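Structural features, examined
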Amino acid sequence: MTDAIGEIPELYGFSSWSEGLIDVAEGGDLALRNPQDDTPPVSLPAIMDSLAERGISAPILLRVQPFLDRSLARLHDAFDTAFRDVNYRGAYRGVFPIKVNQQSDVVERLTEAGRAYHFGLEVGSKPELLIALSQKMSPDALLICNGAKDAAFIHLAILSQKLGFNTIIVLESLHEFEIVTRIASELNVRPLLGVRIKLTETVTGKWQASSGDRSVFGLSAFELMKLTARLEETGLMDRLVLQHTHLGSQVPNIMDVRRATTEACRFYVELCRLGAPLEYLDLGGGLGVDYTGERRPDENSVNYTVHEYCRNLAETVGYAMDEAGIDHPTIVTESGRFVVAQSAIFVFKILNATLYDNSERPEVTEGDHHLLSDLLEVENYIVAARLQEALNDAIYYRDEIRALFRRGQIDLQLLARSEQAFLYLLSRFKTAAKQEDCVGQIDEQLTGFVDYYHGNFSLFQSLPDVWAIDQLHPIMPLQRLNEEPTRSAVLTDITCDSDGKIDQFVLADGVAGALPVHGLRDGEDYYIGVFFVGAYQETLGDLHNLFGDPNVVTITLDGDGGFDIEHETEGDTIAQVLSYVEYDPQDCLATFRATVEKALKAGKVNAVERRTMIAAYKNSLAGSTYFDTDC
Ligand SMILES: *Cc1c(COP(=O)(O)O)cnc(C)c1O
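Here we summarise the structure given alongside this text. Predicted model only: the values in this text are computed from it and were never measured.

1. Observations concerning the overall build of the chain
Looking only at helices and strands, one finds 22 helices and 23 strands in the chain. When the backbone C-alpha atoms are referred to their principal axes, the chain occupies close to 100 × 75 × 55 Å. Every one of the 631 residues in the chain was classed for burial, and the buried ones make up 54%. Restricting the contact set of the chain to residue pairs at least 6 apart, pairs at least 24 apart contribute 75%. For the chain, the accessible surface area stands at approximately 27,800 Å², while carbon and sulfur atoms represent 49% of it. Of the charged side chains in the chain, 54 are positive and 95 negative; the average position of the first set lies 6 Å away from that of the second.

2. Details of the nonpolar core
Core analysis: the largest hydrophobic core is formed by 145 residues, its most contacted members being L32, L62, L491 and F531. Of all the elements, helix α10 (residues 254-273) adds the most residues to this core, at ten residues. Those residues in contact with L32 that sit more than four places away from it in its chain are L21, I22, P41, V42, L44, I47, L62, V64, F67, I345, I555 and L557. Among the nonpolar cores identified, the runner-up in size contains 29 residues, and L391, Y397, A432 and A433 belong to it.

3. Details of the site of the ligand
In the region of the ligand, 17 residues are neighbours, and K99, S249, G286, E334 and Y536 sit closest. Within the contact set of the ligand, an oxygen atom lies 2.6 Å away from a side-chain nitrogen or oxygen of K99. Note that an oxygen atom of the ligand is positioned 2.4 Å from one of the side-chain N or O atoms of S249. Coverage of the ligand by the protein amounts to 92% of the 390 Å² it exposes when considered alone. Considered class by class, the residues forming the shell around the ligand number three nonpolar, nine polar and five charged.

4. A short note on helix α6 (residues 126-133)
Listing the buried residues of α6 in full gives E128, L129 and A132. Looking down the long axis of α6, one finds its buried residues gathered within 105 degrees of arc, a one-sided arrangement. Relative to its buried face, α6 has exposed residues pointing more than 90 degrees away, namely P127 and L130.

5. Quick look at the sheet that holds strand β1 (residues 22-24)
What the three strands build is an open sheet, ordered β1-β2-β3; its pairing is antiparallel. Edge positions in the sheet fall to β1 and β3 (42-43), since each has one partner strand and no second. Bridge count for strand β2 (residues 30-32) against β3 is two bridges, and the pairing is antiparallel. Across the sheet, the residue bridging to L32 is V42, located in β3.

Conventions we followed
- Residues numbered from 1 in each chain as written.
- Predicted model: local features only at pLDDT ≥ 70, side-chain atom pairs only at ≥ 80, totals over all residues.
- Heavy atoms only, no water.
- Helix = DSSP H or I, 4+ residues; strand = E, 2+ residues; numbered from the N terminus.
- Buried < 20%, exposed > 50% of the residue type's maximum accessible area, 1.4 Å probe, protein only.
- Contact = heavy atoms within 4.5 Å.
- Areas by Shrake-Rupley, 256 points an atom, 1.4 Å probe, with all protein chains shown as cover.
- Lys, Arg positive; Asp, Glu negative; His and termini not counted.
- Charge placed at Lys NZ, Arg CZ, Asp CG, Glu CD.
- Core = buried A, V, L, I, M, F, W, Y, C linked by side-chain atoms within 4.5 Å.
- Near = heavy atom within 4 Å.
- Polar contact = N/O pair within 3.5 Å; in protein donor to acceptor, adjacent residues only side chain to side chain.
- Nonpolar A, V, L, I, M, F, W, Y, C, P; charged D, E, K, R; others polar.
- Arc of directions from axis to C-beta.
- Pairing = 2+ DSSP bridges.

Put into structure tokens, the structure is as follows:
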């Protein structure tokens, strides 16, 4: 199949990031490939259409279960291979940090598919602890409690050890230790403990602040010495089994991983020498995803593979322990992003477009202002050698005309015709620039005149990191990939916020300000897919403009070129969203009904109108917050 992929999917850097999960089918549709077998890929637009027939329409967050299973398997296989390659004699125990994706569907699948690997969970709050305690993990899996903890959290965590959970309370501060000792002695349980260490090494990347000695979390060397003294005094030293460090998410540079691991090993060795019977070296999260496929130490990329990551950890830890004459510890990582990011795809429909060019040349008539003919005259020198000059002139004349309008010297009609003339010239510029393969300033200037494609989605709800931290995701149209995209667009959402747009795209030759798209056709759906959105996006999303959760569908790829729905969550209705901001939808309806009734009494509406109005209000309450494109 890969042979058949032509140049067009490659515009989107497709083969650098698709990692064998996504393919292009015969008719030009983007298609999902089941990584577990060799069955034909399943067309993504076809999946969307058949979900729409069932009444589940876009925007949809699509979870692809085989992708999730594959990431889990890849992580464990990579550690297996690395351990064999470097002769590492300890084991690996992964845990999933629930904060990366708390959705029950995801956590349940991970604990189920993860049982074979004794894959555990990491929690950073009481609600997350309650989730973990409701899961059926392998009896050998770890339950790691990080983050700030109050007495109730600690109480429950200690009690859970009696139920057979391998709960480890990771001490974040000396203060926390005092609560732990108090509760442990009340309960007469000797809890398993871990300690979070503040490394002095810092890393690059978006989460720099999680590392180094100004990190909010963990104990400094000085505090650590105080803690070991307290552990001795309270007779709990023999319960300190885990050392934890976390560098922050998405560490772009493997050199940082190695430096930090080396330092973590130094602490581990020293703690062992002080008498702690450590068994687990927890290196936290940080294993990154290559969102751009560029394999560079950039914020949205990583300069290593999962294999290199695992091998680096195994080698560094093995070497440090051998040198100190200490048994190889069980390596723990809290790799959440790596495990879930690729498993979800966000799909929305383009509703319509604002085009920034026009193929129709306006007529110039006798008596028109000379600036209009000057403007149109530019057309005569839109040629390779004078492109920049021509564009500068066009912009100059357009701005002059606008100034005249503002001063009351030309009328609206002439302003409109000159705007049309400018758009006409833009279409000529775009064609010329494409033919000349323009780069540099003119390319940048023309990027300022690309189309707006308006999508039926909310950036704030579904792609919060794109808005907040400029996260890049692979984004591309899902259909017509056998057809040259003739337009370039920025994608805008339906919130009335000018920040609600995507204007950074991963393309074959780097990050660009516009996405190559096809001209829209009447009556034909045009879907856009945003890939690798499984980590962090869902619960960070907000209700800006009161757009709620989209529909969420989990599918498996059944091997017959089709798919099965594993799980489905309907998106928020308007009534639900209103109740989130403390309105009672029934009260709202009652008030509206009273207003309509009053209008009826006053003769402003008739009985039939009254009925239609109430029905419209009620239907909307029960309906989706997004545009209904089926009516
Ligand atoms: C957020 C977090 C993680 C997850 O890290 P990723 O690199 O995103 O997988 C792991 N451990 C801790 C303590 C965290 O706070």
